[in-house]
Every structure is written in C-alpha cells, then in structure tokens.
Amino acid sequence: MSLVLVNLLDGLVTGLLLFMLCSGLTLIFSMMGVLNFAHASFFMLGAYFAYQISTYVGFWPGLLIAPVVVGVAGALVERYGLRRVHKHGHVPELIFTFGLALLIEEVVQFFWGKSQMAFEEPEILKFAAFSIAGNAFPAYKVFMIFVAVGIFLALLYILTKTRVGMIIQAALSYPETVQNLGHNVPLVFMGVFGVGTALAGLAGVMAGPVLGTFPGMAVVLGSIVFVTIVVGGLGSLWGALAASLLIGWLQTFAASYNVTMKDVLTSVGLSEPADLATSALRDLWTLTLPQIGPILPYLLMVLVLAFRPQGLFGKRET
Amino acid sequence: MSLAGETNASAQAGANSVNWLRLLPWGLAVVLLAILPFVFGSGAGLTVLNQMAITIIFALAYNMLLGQGGMLSFGHAVYMGLGGFFCVHLMNRVEFDGLWLPLPLLPLFGGLFGLLFAVIVGSFSTRRAGTVFAMISLGVGELIAACSIIIVAFFGGEEGVSADRTMGPALLGIDFSSQKEVYYLSACWLLISAAAMYLYSRTPVGRMANAVRDNEERAEFLGYSQRKVRFMSFCASGFFAGIAGALFAINFEILTEENLNLATSGSVLLITFLGGVGFFVGPIIGAIVFTLLQTVLSLFTEIWQLYLGILFVMTVMFFPFGLTGLIAIHFRPYQLGKLGTLIIPYALIAGPALGFALGSACVMEILFHARHAALGDETMTLLGVSFNSHSPAPLLLAVAVAGLSVWALRKLLPAFKDAWDEANHAGDAS
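As the structure is a prediction and not an experimental result, all values here were calculated from the model.

Rules behind the numbers
- Counting of residues starts from 1 at the beginning of each chain's written sequence and follows it residue by residue.
- As they are written, the chains are lettered A onward and the ligands numbered 1 onward, keeping that order.
- Whole-chain, interface and lining totals are the exception, using all residues; otherwise, since this is a predicted model, local features are given only for residues with pLDDT of at least 70 and side-chain atom pairs are given and counted only at 80 or more.
- Each helix corresponds to a stretch of at least 4 residues labelled H or I by DSSP, and each strand to a stretch of at least 2 residues labelled E; elements are numbered beginning at the N terminus.
- Buried, partly exposed and exposed are defined by the number of other C-beta atoms within 10 Å of a residue's own C-beta, namely 20 or more, between the two limits, and 12 or fewer respectively, with C-beta atoms placed from the backbone.
- Remark: residues whose backbone-derived C-beta atoms lie within 7 Å of one another are considered to be in contact.
- The quantity called the radius of gyration is restricted to C-alpha atoms. Its globule counterpart is 2.2 Å times the number of residues to the power 0.38.
- When DSSP finds two or more bridges between a pair of strands, those strands are recorded as paired.
- A fitted line through C-alpha atoms serves as each axis, taken over the contacting stretch for helices, and the angle formed by two N-to-C directions is quoted from 0 to 180°.
- Any angle from 65 to 115 degrees is called roughly perpendicular, while one under 35 is roughly parallel, one over 145 is roughly antiparallel, and all others are oblique.
- The hand of a helix crossing depends on one turn: near helix anticlockwise from the far one by less than a right angle means left-handed, and clockwise means right-handed.
- Each residue is assigned to one of three groups, with Ala, Val, Leu, Ile, Met, Phe, Trp, Tyr, Cys and Pro labelled nonpolar, Asp, Glu, Lys and Arg labelled charged, and all others, Gly among them, labelled polar.
- Every residue carries a pLDDT, the predictor's confidence in it, which falls somewhere between 0 and 100.
- In this usage, the nonpolar core is the set of buried Ala, Val, Leu, Ile, Met, Phe, Trp, Tyr and Cys residues whose C-beta atoms join them within 7 Å.
- To estimate how far a helix should reach, multiply one less than its number of residues by 1.5 Å.
- Bear in mind that the domain bounds are from an automatic or database domain assignment.
- Given a residue, its bend is the angle between the two axes fitted to the seven residues that end at it and to the seven that start from it.

1. Looking at the overall build of chain B
Looking only at helices and strands, one finds 17 helices and 4 strands in chain B. Within chain B, the fraction of its 430 residues that count as buried is 40%. Here the analysis covers contacts within chain B between residues at least 6 apart in sequence; of these, 78% occur between residues at least 24 apart.

2. Here we look at the overall build of chain A
A tally of helices and strands in chain A yields 14 helices and 2 strands. For chain A, the C-alpha radius of gyration of 21 Å lies close to 20 Å, the compact-globule estimate for 318 residues. Each of the three principal axes of chain A carries a C-alpha extent, and together these read 75 × 45 × 40 Å. The 318 residues of chain A split such that 44% are buried.

3. Some words on the pairing of strand β3 (residues 379-382) of chain B
All names here are of chain B. Relative to strand β4 (residues 385-388), β3 runs antiparallel, the two sharing 4 bridges. Directly across from Thr381, in β4, lies its bridge partner Ser386. Hairpin connection, β3 to β4: the antiparallel pair is bridged by 2 residues, and Leu383 has positive phi, about 50 degrees.

4. A short note on the interface of chain B and chain A
Residue-level contacts link 36 residues of chain B with 40 residues of chain A. Elements that contribute at least two residues to the side of chain B that touches chain A include exactly α5 (130-150), α6 (152-155), α11 (262-275), α13 (304-318) and α16 (343-372) of chain B. Among the elements that line the side of chain B that touches chain A, the one with the most residues is α5(B), at 13 residues.

5. Digging into the packing of helix α3 (residues 77-96) of chain B against helix α4 (residues 106-125) of chain B
All names here are of chain B. The geometry of α3 relative to α4 is characterised by a closest axis approach of 8 Å and an angle of 130 degrees between their N-to-C directions. Taken together, α3 and α4 sit at an angle that is classed as oblique. Considering how the two elements wind past one another, α3 and α4 form a crossing that is right-handed. Between α3, through Tyr79, Met80, Leu82, Gly83, Gly84, Phe86, Cys87 and Leu90, and α4, the contact on the second element is made entirely by Leu106, Phe109, Gly110, Gly111, Phe113, Gly114, Phe117 and Ala118. Looking at the contact of α3 with α4 residue by residue, the classes come out as 11 nonpolar, 5 polar and no charged.

6. Considering the confidence of the model for chain B
All names here are of chain B. The share of residues in chain B with pLDDT of 70 or more is 95%, and the mean pLDDT across the chain is 85. When mean pLDDT is compared element by element in chain B, helix α10 (residues 226-252) scores highest at 93, while helix α1 (residues 2-39) scores lowest at 66. Note on residues 1-15: pLDDT is under 50 here. Beyond four places in sequence and across chains, it has 0 contacts. Two summary scores accompany this predicted model of the complex, namely pTM at 0.87 and ipTM at 0.85.

7. Examining the nonpolar core
Core analysis: the largest hydrophobic core is formed by 180 residues, its most contacted members being Leu21(A), Ile57(B) and Ala244(B). Here this core gets 15 residues from one element, more than from any other, and that element is helix α2 (residues 43-69) of chain B. Setting aside its immediate chain neighbours within four residues, Leu21(A) contacts His39(A), Ala40(A), Phe43(A), Ala200(A), Ala203(A), Leu221(A) and Val225(A).

8. Focus on α10(B)
Here α10(B) contains 27 residues, and its C-alpha end-to-end distance of 38 Å stays within 8% of the 39 Å for a straight helix at 1.5 Å per residue. Counted residue by residue, α10(B) has 23 buried out of 27 residues, so it is predominantly covered.

9. Quick word on the environment of Leu116(B)
Summarising the element assignment, Leu116(B) is placed in helix α4. When the C-alpha positions of Leu116(B) and Met135(B) are compared, they lie 21 Å apart, and in sequence the two are 19 residues distant.

10. Some remarks on the environment of Glu95(B)
Along the chain, the position of Glu95(B) falls in helix α3. The class of Glu95(B) is partly exposed, set by 15 C-beta atoms lying within 10 Å.

11. Concerning the domain arrangement of chain B
Segmenting chain B into domains produces domain 1 (26-326) and domain 2 (331-423). On a C-alpha basis, the centroid separation for the pair domain 1 of chain B and domain 2 of chain B is 34 Å.

12. Comments concerning α2(B)
Residues and elements named next belong to chain B. In a regular helix each residue adds 1.5 Å, so 27 residues correspond to 39 Å; α2 covers 38 Å between its end C-alpha atoms and thus fits that length. Taken as a whole, α2 carries its principal kink of about 40 degrees at Asn63. Across the 27 residues of α2, 21 count as buried, placing the element largely inside the fold. Following α2 by one or two positions, Gly70 adopts a phi angle in the positive range, close to 70 degrees.

13. Quick look at the confidence of the model for chain A
Low pLDDT marks regions whose predicted coordinates should not be analysed in detail. A residue-level look at chain A finds 95% of positions with pLDDT of 70 or above and a mean pLDDT of 85. Averaged pLDDT values over the elements of chain A bottom out at 71 in helix α12 (residues 282-286) of chain A and peak at 93 in helix α2 (residues 39-57) of chain A.

14. Let's talk about unusual backbone geometry
All names here are of chain B. At Glu253, a residue that is not glycine, the phi angle is positive and equals roughly 60 degrees. Of note, Glu253 is situated in the loop between α10 and β2 (254-255). By C-beta crowding, Glu253 is classed as partly exposed, having 16 other C-beta atoms within 10 Å.

15. Side note on the environment of Leu354(B)
Following the sequence through the fold, Leu354(B) ends up in helix α16. In this structure the C-alpha to C-alpha distance between Leu354(B) and Ala402(B), which are 48 residues apart in sequence, comes to 9.3 Å.

16. Quick word on the packing of helix α1 (residues 2-32) of chain A against helix α10 (residues 237-256) of chain A
Residues and elements named next belong to chain A. Running from amino to carboxyl end, α1 crosses α10 at an angle of 140 degrees, the nearest separation of the two axes being 7 Å. Relative to α10, α1 is oriented oblique. Crossing geometry of α1 relative to α10 is assigned as right-handed. Taken together, the residues of α10 that come into contact with α1 (itself represented by Leu3, Asn7, Asp10, Gly11, Leu12, Thr14, Gly15, Leu18, Phe19, Cys22, Ser23 and Thr26) are Leu237, Ala240, Leu241, Ser244, Leu245, Ile247, Gly248, Trp249, Gln251, Thr252, Phe253 and Ser256. For the contact of α1 with α10, the class distribution of residues is 12 nonpolar, 11 polar and 1 charged.

Right, dumping it as structure tokens:
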C-alpha cells in the first residue's frame, strides 16, 4: 500500500512536469496550428540557462530569470523565424521547428559540451519532506508539485477570466475577426509563443536537478510530450492535464512493479517451452513490466489513434 | 492550315528531341556510376560511394512522401531499418540453413518487407496529411525504435544483428567479398530504383499524389479518395526504403537500433530538404552533398553538425526549394541568354560572402576550442595558422572579418538584386 502511495506521488511529479511542457505546446498548437517540434529544446535551454545563472548567483534567481530569457528567445524565434516560414504552410513550419531542435541541441553542446552539468537543487530544499514506510520523499519534489499546480491555476485564471485570455480564446477560433476588431493578432501569437516557451523553460529549470541537465534531455522528453498531447486531444488544456498525469503514472508504476511475462503466461495456463533459449518467442517469455514501461506511452498513442482519433478530451478529429 | 500543320510538326519534333534529352541524364548516370570506382578506387572512396548510393535511394523514397505526396514523416527510418533487419536474418538463413538465395536478389525481399510494414502502418496513418500524419509517423517510429531494445530475437538488442554476405550461392563466380563488387551491386539497384521511382512519378498514381498534395478537396471532387492515393504513395515509398535498407545490410553486414531511431529519420528529412523537395533530382543532390559534407567536414572540425544545423535552418528559412531550387532559378536567365550578365555581380558578392562564412566559422572554432580543449592546451591551428585560442586578438580579428563582410554585403546586395531582376527580365532594360 505504501509503495502505491510513493508511486502515486512520484507519478504526480512526472505528470505535472509533463503538463508544464504540454500546456505551452497545446496552446501554441491550437493558436497557430503549428506543432513546435523544438518545444522540448526550449525546456532544455531553461535547464542550461538556470545552471549557468546558478553558478553565479544561486538557484533562486535562476528559477526566475531563465524562463524569462527562454521566453524572449522563443518570441524572437516566432517573430523572425516562424513568421517568415508561415507563408509556405504548416509542413515547412514543422520542418523549421525540427531544424531548430537539431540546432539548439548542437548549440548546447557547443557551449556546455556533451557531459552532464552539476546542476543541483538548492540547499534549502535538500531534505526529506516526509517519509512513507521508510521511503523518503524529497522536499524539492513537493516544491515542484506546488509550482506546477500554481502554474496550472494561473493559466486557467488568465485564459478564462481576464481580458487577455478572452482575446487569446477568440483569436484561437476567429483570428480574422479579432484582427478586424483592432487587436494585434500577430503580437498575440508572438506573446503566446513566448509564454509557451517560457513555461517549457520553467519546467526545464525545475526538472534539471531531478532528471539531469545533459544535451539529450530534449530528445528524451520531446517525443513523450508529443504523445501526451495526441493522447489528450490536440488543443485541449484539460486533455493535456489528464494525459500528462496518465502517462506520468503509467511510467512510474510500470517501472516499479516487477511483473514478468512468464508469471502472466503461466497463470493463464500456458507452459514455458523447453527450448526457450533458441525459441523465436523467447522474448515474449522473458519480458518484464519495467522493460515494457518506456514503450507504453507509444502503445497508448497508437491505441488512442485507432479507437478515438480525437484524443481523450479533444473535439476535433486528429 | 499549313501553318497549323507546321506547328504540329515542330511540336512533334520538339517532343522527340525532349525524349532524347530525357534519356541523356540516365545514360550519363550509367556511365558515371560505371567509371566512379576507377576514379575513387581506394577503400575509403568505395565506402563513401556505397554509402552515397544507399542514401540516394533512401532519400528518393522519402521524397515520394514529402515532395510528391506532401506527407512529412518523422519515422521513415523504420521501413529502411526493418527491411535491413529482415535481410540480415535472410543472410543468416542462407549461411546456416542452406536457403538458396543469391545476394543480388536480396534487396527485392528487403523492399517487400518494407512494403509489408508500410501497408500495416499506412492503413491507419495515411488518413490525414500534414501535422497529424507527421505525429503518427513520429509515434510509430519511436515505438519501433523502443521495441528494438526489447525484442532481442529479431533486433538483437543493443548490439544489433550481423551477418556474412559472402555465404550465398555465387553467381558467375562473384561472391561479393570485395567492396567493388558490392559497389556495382548497389549501383545497379540504385539505377533500377531511381528509374522505377521516376517512372512511378509519371504514372497516373504519381500524378494524383501531386494533386492530393496540392489540394485534397479538389482531388476528392474529381472522384479520387485522397486516403487511397496517400496510402499508395506511402506503400511505394516503404518498398524503396526497404531496398535501401537491404543494401545497407549487404554493405555494412550489421544493423542496430541506430538504423531505426529518430536521428536517422531526421537526417533523411534534412538530406531531402537540403537537396530540394520540389525536384526529382533534389534528393540525389542532397544525398551526394550531405555524404560529402559529412565525410569531409568531420575530418576538419568537431562541430560540423552545428554547421549542418545552421545550414538546414537557413535553407528552410531562405531557400525552401533547396539546392536544386537554387540551380533552377538560373534557368530563366539562361533561357533569356542573360546568364553571362550575372557573372560580375556574383563575383562581386562572392568575396564578402566567403569572408562572412569563413569569419563566423573561425569565431565558432576559436570559441569552441577555448571552451572545450584540454586544460593547458591553448594552441590551435586554423587555416594553417597556429595561435593561442585564449588570447583575444585572433577572436577579434575573426569578428572583424565577419563584421566587415556583412557591411560589404549590405552595400553590394542592392546592386546585385538589380542585376538579378534585370537578368530575369525579357527584353532590354533601356
């Protein structure tokens, strides 16, 4: 029982972290119709910037400054890169963001090299907040949960209750009409892109000490983020939240329960073949749940696409 | 009446000469492929040539999707990789179980396996084009790449699977133990595949792929199912990617997870786009340039991938038609007989452009060396000059060269643009 609780909490941290990435990505997608392939790269930039800042002035200023820098970089990319490519259509836009992802990875390696950075959580949060049956739960993760929930509430408030949120929501569905009403829609797009990438940067700052700050961190998370927003339904904020939590828990639970395929197969009445070492089906018998864990999100995505193409919460068909 | 007859006759003559002209590049390609090993006969040369042939087939297959069908795939390495894995297993059957299968026929089976898998995936992924297709291709690609570590029996886990190509029945005394024999096999399959893909693009199916790419709604109103058209392009592309995979298996005799992952899928996108997606020869040029850049640049600099990334992003932003597009825009001045007038403007901006490229490359090299060289190693050599990478003087010099070049370029570009417009303009300017 206590293990379930630990996994629930760990999965919550992973899920909320995923959500901070997905929320920005899904906002950008539903607004501009462009899927930002480089979103996870901005996440990585956040971690690296915060590390660099933390070597001078410590963790806390980095937590504030790095997302702002990433957001400004994102806004500049939108203004001078994406807007230029936009006139050629969505596929060139996607190719552009893909190229950008490659480039950012190279730039990060150019400045910081290939090895992992010594980016650590602040001294003040380096203690166990509480422990469940001997498993200490770090205070830093509690902090992450609070920040992520706070971000979600703030986002929800801004989008549904404020004037800016109204304009954004209107620009989502009827950009021309909003433009005719005298609003600067390109500026709104640039702002949304900047805020979305800043959110990714903030997620990066917080994930850096936990997941490690290394040049591959964008690739590791990048495709999972895409899977998440497809599963949740493209353009749906609630869907993104649900899918992030689902995938976070799926991965955490799969990693910690050592269910083997052998037990499952014998329990349904099959007997292990005698020539297991040479049998073509040997992998089926030796698989364990932690091994399958990494592919579960992709399987989930294929299932969702096959049976519910609009995603869990999406309205339009993907 | 006679006038109409004349036009008809001349049009026919034109068509005939065009036909001959159309065959000319293929003839040249045959000759070129035949003599290349005599020019670059060294082991390294042949390795690069083999790699080029494989990459060309793969990029051409990819362009059947991206250029001709308007489908952006982030997981096309899967079909090449699976075709390759299948062929490695076939080679092992030939070696250990005595299966009779001459090696030259192997790519056909690799292609069929790629086709089989493309049929399975394509049945649900080609429902929509654009972003949705791209995401499904990414998801499937990642799924297969992740599976490859788990399903050890087929993919061999992290060390991959390997085989020996020389164990098959020898035809005409050729057992493919030398690189040159493998090269000629690859070259033959390159010609066959390229010709088949070219002819495919001229068939009604190929034409409909273009129509669906440009406007799927109109194609539907003409009575074509956009989904079926995309599905057919997808399957054909999977088939040729499988052939490329088989040739990879024959050439390297080993396949690993690397052949399936996102990096490989991404590089074929990069190659195709750099070459130019709008032209049949685009991917060919892209593959040749990319392979050369990869082998030559990586000899000189550690950060060649950074240059490649910059080149790619610049291409997407400024020359969306790629290298072939850059060549093609000179066709109109050539037709107008004004290509000569561009020589001087080009010569004028060549200096500053080169200065800017070299200057900024030097800045990056110096910064990279200063940051990442071993402790105490402060001397570096650039363009034959050795200096201390930690002193500010060389860096400032490089920045100055790049800055001056930018200044000169800004001064010269308006005149160049005028000359360009004039060269594209029929008739005399005055």
